[in-house]
Amino acid sequence: DLWEKRQPWPLRQEMPKHALWDAEQACSHWRTYGPCFFFALSYGWLHPVKNDPDMWYLERVVRILREYRSCAWAFFVWFRKHGLVDPLATGPPEDIGYFIDFCSIPQQDQERGIVRSAEENSLFIDGLGVMKFLYGHFATTVTRITDMPASEPREYRMRGWTSFEETISNAKPEYEYKVFTFGDMFKPCANELRGIAFFQTSLEAQTPPRLPEQFEAELQRRRDALPKCSTITLFRNHSDEALVVNQYREAWAHLRLSRSLIYRRVGWGCADIMQLASVIPEFQNLTKLVITGSDISGEGMLGLLRSVPAQLLELTITDSGAEDAVADLSAELQRLKQLQMLDLSFCKWGDDGIEALV
C-alpha cells in the first residue's frame, strides 16, 4: 500500500495497528514456521531521522516480498524438509513478520515533536539488545540490501551496525536460503527474474564465520579504510560500538554450539577456506561439515581436515583440486574414526590420487 501511494514507511510510533503483529501471535508463528515467517532487513539509513525519505529501500523491499510470496510454497517445503518448520504445518504462513528497525522499534523525530517516552525508550534499548538474534538466529531470514543511491557517500560496509548484521548473518551455521544479498546489480524495475530464480542470484555473498576478536579486527579494518578527508564515521553513536562487539561475543557463545556447518555453492578461495579452518576448532560439538562449489587447494583441504573434531560423522567436500595433498589427506581421514558418511564428489584428483586415498 505504501509503495502504491508513494508514501515512505512510517516510524514505529506511527505504524497503523493492523501493520503490527501481536507479540504472542508472532512468537507462535515463528515457532511454527521459522525462517518462512521471520524476516529481518539489513540496510543503511539514508537520513539520520527520516530513514528512507525517497523510498529507495521501500521500492526494493516491495519487489523482494512480491517475489517471495510467489514462491512461498517452495521455501516452506525446503525448510520443512530440513526440520525448520513444524511438521504438522500444512502450508506457508498467510503473511510474514518483517523486522525493519525504523518501523519496529520506537524512534525520534524532534522536528515533528516525536520524542520517545520512558516506556518507548525502554523498548528501544530492549530492541537494540536482541539484534544478535534477529540477524544471527538459525530460524530467521535476513535480506541485506547493500546497494545505495549514488548520492550517498556512506556505503553499506562503511557502517558499524551493517557490518555487525552482515558478519553475524554470515555466521549462521545453516545459512542456505536464509540470507539474501541484493547489491548494485539489483534493479527492482529492471530485474526480469521471477520466483526462485530471483532469489538464487542473491545467494553468493556468504563469507566464512569470524571469531569475536576477528570481528573486532574487521571493524578496525573498515574504520581504517574510511576516507580520511571526510566526516564519515563507522558509528554515528560511538557508544554503539561496545554494544555491537558485546552482542557478537554473546551470539558467538551460542553459534559455536552448532552441530553442523553447511556451505553450499559458496565459491571460496584458499583464504576463505583457511579462515573457516581457523574457527572450526571452536565448534566442539560439530558432527557434520558440508562445503560445495569451492575449488579447494591441498593446503585448504589439509587445514580443514586438521581442524575438524575427531567425532565428525558426516563430511562432504566437493570440487576440490587438492591432488598434490592426497597422501596427507588419507592420513588425516584415518583420524576421523567415527565418520559414517564421506562425499568427495567431483574432486579433481586423478587415478593416482584416488588410489592413494583408498
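The structure this text deals with has already been given above.
Residues numbered from 1 in each chain as written. Predicted model: local features only at pLDDT ≥ 70, side-chain atom pairs only at ≥ 80, totals over all residues. Heavy atoms only, no water.

Participant: With reference to specific residues and values, describe the sheet that holds strand E1 (residues 38-42).
Facilitator: In spatial order, the strands read E2-E1-E3-E4; together these 4 strands make up an open sheet with parallel pairing. Edge strands, defined here as strands with exactly one partner in the open sheet, are strand E2 (97-99) and strand E4 (179-182). Direction aside, neighbouring strands of the sheet carry axes that sit 20 degrees apart on average. Relative to strand E3 (residues 141-145), E1 is paired through 4 bridges, and the arrangement is parallel. From the neighbouring strand, Ser-42 faces E3, where its bridge partner is Arg-144. Sitting on the sheet, helix H3 (residues 56-70) is in contact with E1, E2, E3 and E4, with an inclination near 140 degrees to E3. (Pairing = 2+ DSSP bridges. Helix = DSSP H or I, 4+ residues; strand = E, 2+ residues; numbered from the N terminus. Axes fitted to C-alpha atoms, helices over the stretch in contact; angles between N-to-C directions. Contact = heavy atoms within 4.5 Å.)

Participant: With reference to specific residues and values, describe the sheet that holds strand E5 (residues 260-263).
Facilitator: If you trace the 4 strands from one edge of the open sheet to the other, you get E5-E6-E7-E8, paired in parallel fashion. Looking at the sheet topology across the chains shown, the edges are occupied by E5 and strand E8 (341-343). The mean angle between the axes of side-by-side strands here comes to 5 degrees, regardless of whether they run parallel or antiparallel. Note: E5 against strand E6 (residues 288-291), 4 bridges, orientation parallel. Considered in E6, the bridge of Ser-260 is made with Lys-288.

Participant: Tell me about the pattern of salt bridges, and name the residues and values.
Facilitator: According to the stated counting rule, one finds 22 salt bridges in the structure shown. Across the pair Arg-112 and Glu-14 runs a salt bridge whose closest N-O atoms are separated by 2.4 Å. Taken together, the positions of Arg-112 in the loop between helix H5 (101-104) and helix H6 (118-129) and Glu-14 in the loop between helix H1 (2-5) and helix H2 (23-33) put the pair 98 residues apart, joining distant regions of the chain. Relative accessible area serves as the criterion here: at 46%, Arg-112 is assigned to the partly exposed category. You can call Glu-14 partly exposed: its relative accessible area is 36%. (Salt bridge = Lys/Arg side-chain N within 4 Å of Asp/Glu carboxyl O. Buried < 20%, exposed > 50% of the residue type's maximum accessible area, 1.4 Å probe, protein only.)

Participant: Please set out the packing of helix H10 (residues 212-224) against helix H11 (residues 240-255) residue by residue, giving values where relevant.
Facilitator: Contact geometry of H10 with H11 gives a least axis separation of 9 Å together with a crossing angle of 150 degrees. Viewed along their axes, H10 and H11 adopt a mutual orientation that is roughly antiparallel. Considering only the axes of H10 and H11, their crossing is right-handed. Together, Pro-212, Glu-213, Phe-215, Glu-216, Leu-219 and Arg-223 of H10 and Glu-241, Val-244, Val-245, Tyr-248, Arg-249 and Trp-252 of H11 make up the contact between the two elements. For the contact of H10 with H11, the class distribution of residues is 7 nonpolar, no polar and 5 charged. (Parallel < 35°, antiparallel > 145°, perpendicular 65-115°, else oblique. Left-handed = near helix turned anticlockwise from the far one by under 90°. Nonpolar A, V, L, I, M, F, W, Y, C, P; charged D, E, K, R; others polar.)

Participant: With reference to specific residues and values, describe the side chain of Arg-222.
Facilitator: Here Arg-222 lies in helix H10. On the accessibility criterion, Arg-222 (9% relative accessible area) is buried. A polar contact is formed between the side chain of Arg-222 and the side chain of Glu-166, at a distance of 2.9 Å. In this structure Arg-222 touches Arg-157, Ser-163, Glu-166 and Leu-234, once residues within four positions along its chain are discounted. (Polar contact = N/O pair within 3.5 Å; in protein donor to acceptor, adjacent residues only side chain to side chain.)

Participant: Residue-level account of H2, with values.
Facilitator: Within H2, burial applies to Ala-26, His-29 and Tyr-33. Take H2 and look down its axis: the buried residues cluster within an arc of 65 degrees, on one side only. H2 presents Ala-23, Glu-24 and Arg-31 as exposed residues on the side facing more than 90 degrees away from its buried surface. Considering only its buried residues, H2 is in contact with helix H4 (72-81). One side-chain oxygen at the N-terminal end of H2 lies 3.1 Å from the backbone nitrogen of Glu-24; it belongs to Asp-22. Looking at the residues trailing H2, positive phi occurs at Gly-34, about 55 degrees. (Arc of directions from axis to C-beta.)

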